[in-house]
Amino acid sequence: HPTNKIERNMNATKDKKKLLFICLGNICRSPAAHAVMQKMVDDRHLTAQFEIDSAGIGDWHVGELPDRRMRKHGELRGYRVNHPARQFKAASDFDRFDRIIVMDEENYRIITGQARTQKEADKVVRMADYFRHHASATVPDPYYGGDRDFELALDLIEDGCEGLLEELVSNRECEPFDTHH
Ligand code: 4NP
């Protein structure tokens, strides 16, 4: 019945999972995580159930495309890493997003330090919490590194995004199939 489908669409819009990936500059790790998560969600036909974004702690690169090295390494794996950098805004981003995923402990300290309530602080999680195949406690900053550092960042980001999506599906925070087609 068409009404049921409309209802489901409305619920899906209301219950959209809103994920924000954070790193220091929003030109290497978080725009990569943003692109990886978007592709995983798209490949599983879950696009309509998610809103995915990324932001940086600093304002140095605002408006710039991601670092060309991350664009290249991402493209080699089939990701379009093309989000123009923006700065995290505590005043609106804590309200707008359900989960704020940070790449390292410095990110965690700074972002939780901007939370105004415990509820806001509780939205902040570490990418490393979702690793299933790596023992690292962070996604290290590849900015001052070389090719291997960018590849490692992508390996860790893929591991974390898979773990995060698995958790959302198993918690029933998103439907394991698309109800919109
Ligand atoms: P990201 O890497 O945090 O992964 O985007 C960095 C990019 C730029 C700078 C630091 C980290 N920076 O200092 O300009």
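Residues numbered from 1 in each chain as written. Predicted model: local features only at pLDDT ≥ 70, side-chain atom pairs only at ≥ 80, totals over all residues. Heavy atoms only, no water.

**As for the site of the ligand**
- Every residue close to the ligand is listed here: Cys-23, Leu-24, Gly-25, Asn-26, Ile-27, Cys-28, Arg-29, His-61, Asp-141, Tyr-143 and Tyr-144.
- Taking Asp-141, its side chain carries an N or O atom lying 3.0 Å from an oxygen atom of the ligand.
- When isolated, the ligand has an accessible area of 350 Å², and the protein chains bury 91% of it.
- The residue inventory of the shell around the ligand, partitioned by class, reads 6 nonpolar, 3 polar and 2 charged. (Near = heavy atom within 4 Å. Polar contact = N/O pair within 3.5 Å; in protein donor to acceptor, adjacent residues only side chain to side chain. Areas by Shrake-Rupley, 256 points an atom, 1.4 Å probe, with all protein chains shown as cover. Nonpolar A, V, L, I, M, F, W, Y, C, P; charged D, E, K, R; others polar.)

**Brief notes about the nonpolar core**
- Membership of the largest hydrophobic core comes to 37 residues, with the highest contact counts inside it found for Leu-19, Phe-21, Phe-50 and Met-127.
- Those elements that place two or more of their residues in this core are β1 (17-23), α2 (29-43), β2 (50-56) and α7 (147-170).
- For this core, the element with the most residues is α7, which contributes 9 residues.
- Leaving out residues up to four positions away in the same chain, Leu-19 has contacts with Met-37, Phe-50, Glu-51, Ile-52, Asp-53, Phe-97, Arg-99, Ile-101, Leu-164 and Leu-168.
- Leu-20, Phe-88, Ala-90 and Val-102 belong to the second-largest nonpolar core, a separate cluster that totals 12 residues. (Core = buried A, V, L, I, M, F, W, Y, C linked by side-chain atoms within 4.5 Å. Buried < 20%, exposed > 50% of the residue type's maximum accessible area, 1.4 Å probe, protein only. Helix = DSSP H or I, 4+ residues; strand = E, 2+ residues; numbered from the N terminus. Contact = heavy atoms within 4.5 Å.)

**Structural notes on the pairing of strand β3 (residues 99-102)**
- Across the two faces of β3 the burial is the same, with Arg-99 and Ile-101 and Ile-100 and Val-102 all buried.
- Here β1 pairs with β3 via 4 bridges, running parallel. The residue bridging Phe-21 from the neighbouring strand is Ile-101, located in β3. (Pairing = 2+ DSSP bridges.)

**Quick look at the confidence of the model for the chain**
- When pLDDT is averaged across the chain, the result is 92; 90% of the residues are at 70 or more.
- Within the chain, helix α1 (residues 2-14) has the poorest average pLDDT of any element, 51, and β3 the best, 99. (pLDDT = per-residue confidence, 0-100.)

**Things to note about α7**
- End to end, α7 covers 35 Å across 24 residues, agreeing with the expected 34 Å (1.5 Å per residue, within 8%).
- A positive phi of about 65° marks Arg-172, the residue just after α7. (Expected span 1.5 Å × (residues − 1).)

**Topic: the packing of aromatic side chains**
- The final tally for this structure, using the stated rule, is 2 aromatic pairs.
- Ring centres 5.3 Å apart and planes at 90° place the aromatic pair Phe-88 and Phe-94 in the edge-to-face group.
- A residue is classified by how much of its surface remains accessible, and Phe-88, at 7% relative accessible area, is buried.
- For Phe-94, a relative accessible area of 0% translates into the label buried.
- Taking 4.9 Å as the distance between ring centres and 85° as the angle between the ring planes, the aromatic pair formed by Tyr-143 and Tyr-144 counts as edge-to-face.
- Owing to a relative accessible area of 76%, Tyr-144 belongs among the exposed residues under this scheme. (Phe/Tyr/Trp six-rings, centres within 6.5 Å; stacked < 30°, edge-to-face > 60°.)

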